[in-house]
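Here are the chains, one letter per residue:
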Amino acid sequence: MASPTDQTSILTRVAAGDSSAVSECLDTYGPLVWSLARRMSFDASQAEDSVQEIFIEIWKSAHRFDASISSEATFIATIARRRLIDRRRSIGRRPETEQIEPELVSGTDKGLETVEINEEAALAREALEALKPQQRQVIEMSVIDGLSHSQIANTTGLPLGTVKSHVRRGLDRVSKILGSRAEADHAQKGGSEA
Amino acid sequence: MTHANTMERAQDLLVLRATEGLDRSEEQEMQVLLEGLPELDTDHYERAAALVHLALDPPTSSPMPASVRMSVEAALGAHIQTGGAPVSAPAPLRAVERSSPAPGKPIAAQDGRSNTLPWLVAAASLLFAAFTFLNSAPGKGPDETAVALADLEGTIELPWAAGPSERSGVVTGAVVWNDDLDQGYMEFEQFGSLAGNDASAEQYQLWIFDGDRDAARPVDGGVFDLPSEGEPVRVPIDAKLAVGKATLFAVTVERPGGVVVSEREHIVALAQL
């Protein structure tokens, strides 16, 4: 559950059943979810369906949000990615976002300016920049481009085991910046250090 | 397999889930492994992957199109008003007046998930207006929105039938479900042998069989209890995964809190398309 200091957070209100949080949640996190859906979906219809599913899932899962583990944005992005990966998996191919973005971006709003990323993401970026170029490339191909580990191995010529190791260690490294409480919690729970 | 090996394999699968997703067999394997690893933070890698995504590919500032936002607002409105948040206690069923087709016949034929947006946009105005009204009108509650859900195109109503378990008996009522919204609820009118389960010993769990998924892996529809009195009740469905095309709903008796994979030892109610 959210910490006592986080009583006014949007997800805390959602978890409490506050229906007035709908507009605020869509205002605040709509662009984030929409952006992820657009980039990880095959076409406009898939993106639109996914957005709806993701927000329903956010409502169902809001009670699990813990401000001591991650920010709201990371929590929501986690839910969104899971839904989008499941959908992508069920269809069996990777998105071709360049085909759908022009149809979906409104005429007056170029819409492709990125928002200022939160502090967590900024720290994660620093952590990623500290990785070896090859490791970072593998992480990007896996998380951002949505390539399977096998596809990455074929593309880069790296052994499959090395690809898996790069991805796992990279994610472990990034997770450490989620804060000392998360780190302590992670260690207590047995951790994931390979 | 040693505990260390089990942990290693589980973490490999969690990384895979966080990056490219799991197929059915991998998902099943992971769930089995996780049952023996209650100490593991199962969201660890997915959170990290989300953070990597935010760091390397920051979201754009463009809002979602108005039509999409409207459909999301409508879906959330229906979800909230039908009590879609996870609950264990069913809401009392009060004076529900829903158009009732012949038992066993769907209200509207399912035609897949294509062309969902046009009807959603059309329905969004109605639903969002109803949502807004219900929020501001004392005395209006979940029942009215349940009626709205039941009347939506794509919503199906499937009558309950007794399950094969010896613990089953007369079960009447229906499942009301909409694949496009991934929402619905169960109504139980008569459920004599199922009434008054001891939630500390066992609970009921709904399973949704999806025509788009392996029948061996139905979607968890949530855990619930039934009151001791035979008063009709309505129980929101809490589908843990998206359902493409629901074909069968089954209620099993499970340990408190439910299970990841049911042994299907006691199937006490069924509703089939």
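The structure displayed is predicted, hence computed values, not measured ones.

Parameters at a glance
Residues numbered from 1 in each chain as written. Chains lettered and ligands numbered in written order. Predicted model: local features only at pLDDT ≥ 70, side-chain atom pairs only at ≥ 80, totals over all residues. Heavy atoms only, no water. Helix = DSSP H or I, 4+ residues; strand = E, 2+ residues; numbered from the N terminus. Buried < 20%, exposed > 50% of the residue type's maximum accessible area, 1.4 Å probe, protein only. Contact = heavy atoms within 4.5 Å. Areas by Shrake-Rupley, 256 points an atom, 1.4 Å probe, with all protein chains shown as cover. Buried area = accessible area lost by both parts, 1.4 Å probe. Salt bridge = Lys/Arg side-chain N within 4 Å of Asp/Glu carboxyl O. Polar contact = N/O pair within 3.5 Å; in protein donor to acceptor, adjacent residues only side chain to side chain. Nonpolar A, V, L, I, M, F, W, Y, C, P; charged D, E, K, R; others polar. Expected span 1.5 Å × (residues − 1). Arc of directions from axis to C-beta. Axes fitted to C-alpha atoms, helices over the stretch in contact; angles between N-to-C directions. Parallel < 35°, antiparallel > 145°, perpendicular 65-115°, else oblique. Left-handed = near helix turned anticlockwise from the far one by under 90°. Pairing = 2+ DSSP bridges. Phe/Tyr/Trp six-rings, centres within 6.5 Å; stacked < 30°, edge-to-face > 60°.

**Student:** Where do I start with the overall build of chain A in this structure?
**Tutor:** Looking only at helices and strands, one finds ten helices and zero strands in chain A. Every one of the 194 residues in chain A was classed for burial, and the buried ones make up 54%. For chain A, the share of sequence-separated contacts (at least 6 apart) that also reach a separation of at least 24 residues comes to 66%. When the accessible surface of chain A is totalled, it reaches about 8,800 Å², and 48% of it is carbon and sulfur.

**Student:** Before we go on, may I ask you to explain the overall build of chain B in this structure?
**Tutor:** Within chain B, the secondary structure is distributed over six helices and ten strands. Across the 273 residues that make up chain B, the buried fraction comes to 56%. Carbon and sulfur atoms make up 55% of the accessible area of chain B, which amounts to about 11,000 Å² in all.

**Student:** I tried to follow unusual backbone geometry on my own but got confused; where do I start?
**Tutor:** Most peptide bonds take the trans configuration, and most residues that are not glycine carry a negative phi. A positive phi is found at Asp182(B), a non-glycine position, where the angle reads about 55°. Note on placement: Asp182(B) falls in the loop between β4 (172-178) and β5 (183-190).

**Student:** Help me understand the interface of chain A and chain B in this model?
**Tutor:** Reports often express the size of an interface as the amount of accessible area lost when the parts come together. With 74 residues of chain A at the contact, the number on the chain B side is 65 residues. Taking both partners together, chain A and chain B bury about 6,300 Å²; carbon and sulfur atoms supply 61% of that area. When the area that chain A buries against chain B is broken down by residue, the three leading residues are Gln52(A), Lys60(A) and Arg168(A), summing to 11%. Scanning the region where chain A abuts chain B turns up nine salt bridges. Counting across the chain A and chain B interface gives 23 residue pairs in polar contact (both at pLDDT 80 or more). The set of elements that each furnish at least two residues to the side of chain A that touches chain B consists of α2 (21-40), α3 (44-61), α4 (72-91), α6 (119-129), α7 (133-144) and α9 (160-175) of chain A. By residue class, the composition of the side of chain A that touches chain B is 30 nonpolar, 19 polar and 25 charged.

**Student:** Is there a simple way to explain helix α2 (residues 24-35) of chain B in this structure?
**Tutor:** Two residues of an α-helix separated by three or four positions point the same way, owing to the 3.6 residues in each turn. Here α2(B) is twelve residues long and its end C-alpha atoms lie 17 Å apart, about the 16 Å a rise of 1.5 Å per residue gives. Among the residues of α2(B), those classed as buried are Glu26(B), Glu27(B), Met30(B), Gln31(B), Leu33(B) and Leu34(B). The buried side chains of α2(B) occupy one side of the element, clustering within an arc of 165° when seen end-on. Residues of α2(B) that are buried sit in contact with α4 of chain A together with α1 (3-19) of chain B.

**Student:** Explanation requested: the packing of α1(B) against α2(B) in the structure shown.
**Tutor:** Describing two packed helices takes the angle between their axes plus the distance from one axis to the other. Residues and elements named next belong to chain B. In contact at an axis separation of 10 Å, α1 and α2 are set at 135° when each is read in the N-to-C sense. On the basis of the axis angle, α1 is oblique to α2. For α1 against α2, the interelement crossing comes out left-handed. In contact with Thr6, Arg9, Ala10, Leu13, Leu14, Leu16 and Arg17 of α1, α2 contributes Glu26, Glu29, Met30, Leu33 and Leu34. Residues belonging to the contact of α1 with α2 are distributed by class as follows: seven nonpolar, one polar and four charged.

**Student:** Looking at this model, I keep getting lost on the sheet that holds strand β6 (residues 203-210) of chain B. Mind explaining?
**Tutor:** The strands making up a sheet are joined through hydrogen bonds of the backbone, oriented either antiparallel or parallel. All names here are of chain B. The strand order across the open sheet built from five strands is β3-β10-β9-β6-β7, with neighbouring strands paired in antiparallel fashion. In this open sheet, the two edge strands, each paired with only one partner strand, are β3 (161-162) and β7 (219-224). Pairing geometry for β3 and strand β10 (residues 267-272), over two bridges, is antiparallel. The residue of β10 that forms the bridge with Ala162 is Ala269.

**Student:** I would appreciate a short explanation of the packing of aromatic side chains in the present structure.
**Tutor:** Where two aromatic rings form a pair, the distance of their centres and the angle of their planes describe that pair. All names here are of chain B. One pass over the structure, following the stated rule, counts six aromatic pairs over all chains. Geometrically, the ring pair formed by Trp160 and Phe188 is stacked, given 5.1 Å between the ring centres and 10° between the ring planes. Residue Trp160 is found in the loop between β2 (155-159) and β3, and its partner Phe188 is found in strand β5; the two are separated by 28 residues along the sequence. As far as the burial class goes, Trp160 and Phe188 line up, both buried.

**Student:** How do you make sense of the pattern of salt bridges when you look at a structure like this?
**Tutor:** Think of it this way: side chains of opposite charge can pair up when their charged atoms draw near. All names here are of chain A. On inspection of all chains with the given rule, the structure shows 23 salt bridges over all chains. In this structure, Arg87 and Glu53 form a salt bridge, with 2.5 Å as the shortest nitrogen-oxygen distance. In this pair, Arg87 is assigned in helix α4 and Glu53 in helix α3, connecting sequence segments 34 residues apart. Residue Arg87 shares its accessibility class with Glu53, and that shared class is buried. Glu140 is the partner of Arg136 in a salt bridge, and the nearest nitrogen-oxygen pair spans 3.0 Å. Of this pair, Arg136 and Glu140 both sit in helix α7, four residues apart, roughly one helical turn. On the basis of relative accessibility, which here comes to 23%, the residue Arg136 falls in the partly exposed class.

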